[in-house]
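Each chain, letter by letter, is given below.
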Amino acid sequence: LELAPLGVLEGTVVDAEGRAVPRFRIELQRRVMMGFLPATVASGAFFDPAGRFRLEGLAPGKYVLLVRVSDRAAHTLPEVTVAAGTEPLAITLPA
């Protein structure tokens with residue numbers, strides 16, 4: 001039995017004008033299958049002047065990623081892949 005290595009999801013969050021977003025929440029959910037509600041597998045609040053985030057110890061697979069900034073609606077990335085060697089995400093929030 002060989003286990004797949006755990007993955008890391010990391011990247012940066014910027015606004016529509018390319019400025020780093022220094023305060024935000026990230027929520028990573030399993031993709032919804034018919035008849036099942038989404039399940040959050042990792043989340044965190046990030047305070048970084050460069051808009052960076054990092055989630056570790058994730059099982060490889062496809063997820064839904066939500067980015068929340070204070071009073072705005074969540075920005076959703078409907079399919080994010082976590083695997084060994086995944087490139088960092090560059091997330092641009094809409095205006």
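Provided above is the structure to which this section pertains.
Residues numbered from 1 in each chain as written. Predicted model: local features only at pLDDT ≥ 70, side-chain atom pairs only at ≥ 80, totals over all residues. Heavy atoms only, no water.

A. The arrangement of the overall build of the chain in detail. Check the secondary structure of the chain and you find zero helices and seven strands. Ordered by position in the sequence, the α and β elements of the chain form the string β-β-β-β-β-β-β. Taking 12 Å as the expected radius of gyration for a compact globule of 95 residues, we find that the chain reaches 14 Å, a close match to that expectation. Dimensions of the chain along its principal axes, counting C-alpha atoms only, are 45 × 30 × 20 Å. The buried share of the chain, reckoned over its 95 residues, is 33%. Partitioning the intrachain contacts of the chain with sequence separation of at least 6 by distance along the chain shows that 58% fall at a separation of at least 24. On the chain, roughly 6,200 Å² of surface is accessible, and the fraction owed to carbon and sulfur atoms is 57%. In the chain, the 10 positive side-chain charges and the 10 negative ones have mean positions that sit 5 Å from each other. (Helix = DSSP H or I, 4+ residues; strand = E, 2+ residues; numbered from the N terminus. Rg over C-alpha atoms; globule rule 2.2 N^0.38 Å. Buried < 20%, exposed > 50% of the residue type's maximum accessible area, 1.4 Å probe, protein only. Contact = heavy atoms within 4.5 Å. Areas by Shrake-Rupley, 256 points an atom, 1.4 Å probe, with all protein chains shown as cover. Lys, Arg positive; Asp, Glu negative; His and termini not counted. Charge placed at Lys NZ, Arg CZ, Asp CG, Glu CD.)

B. Region of interest: the sheet that holds strand β4 (residues 52–58). Overall, mixed pairing links the three strands, which are arranged β4-β1-β7 in an open sheet. Every interior strand has two partners, whereas the edge strands, β4 and β7 (89–92), have only one. Put simply, the sheet's adjacent strands are angled 25° from each other on average, direction ignored. When strand β1 (residues 7–14) meets β4, the two strands line up antiparallel, connected through five bridges. If you follow Leu-9 over to β4, its bridge partner there is Leu-55. (Pairing = 2+ DSSP bridges. Axes fitted to C-alpha atoms, helices over the stretch in contact; angles between N-to-C directions.)

C. Quick peek at the pairing of β1. Inspection of the sheet shows β1 paired to β7 by four bridges, in the parallel sense. Bridged to Val-13 within β7 is Ile-91.

D. Representation of the pattern of salt bridges within the structure. Inspection of every chain in the model, using the stated rule, returns seven salt bridges. Residues Arg-68 and Glu-27 are paired through a salt bridge, measuring 3.6 Å at the closest nitrogen-oxygen approach. Separated by 41 residues along the polypeptide, Arg-68 in strand β5 (residues 61–68) and Glu-27 in strand β2 (residues 23–30) bring together distant segments of the chain. Arg-68 gets classed as partly exposed once you look at its relative accessible area, which sits at 36%. Where Arg-54 meets Glu-56, a salt bridge forms, and the shortest distance between an N and an O atom there is 2.6 Å. Judged by its relative accessible area of 54%, Glu-56 is exposed. When salt bridges that share partners are traced, they join Glu-10, Arg-54 and Glu-56 into one network. (Salt bridge = Lys/Arg side-chain N within 4 Å of Asp/Glu carboxyl O.)

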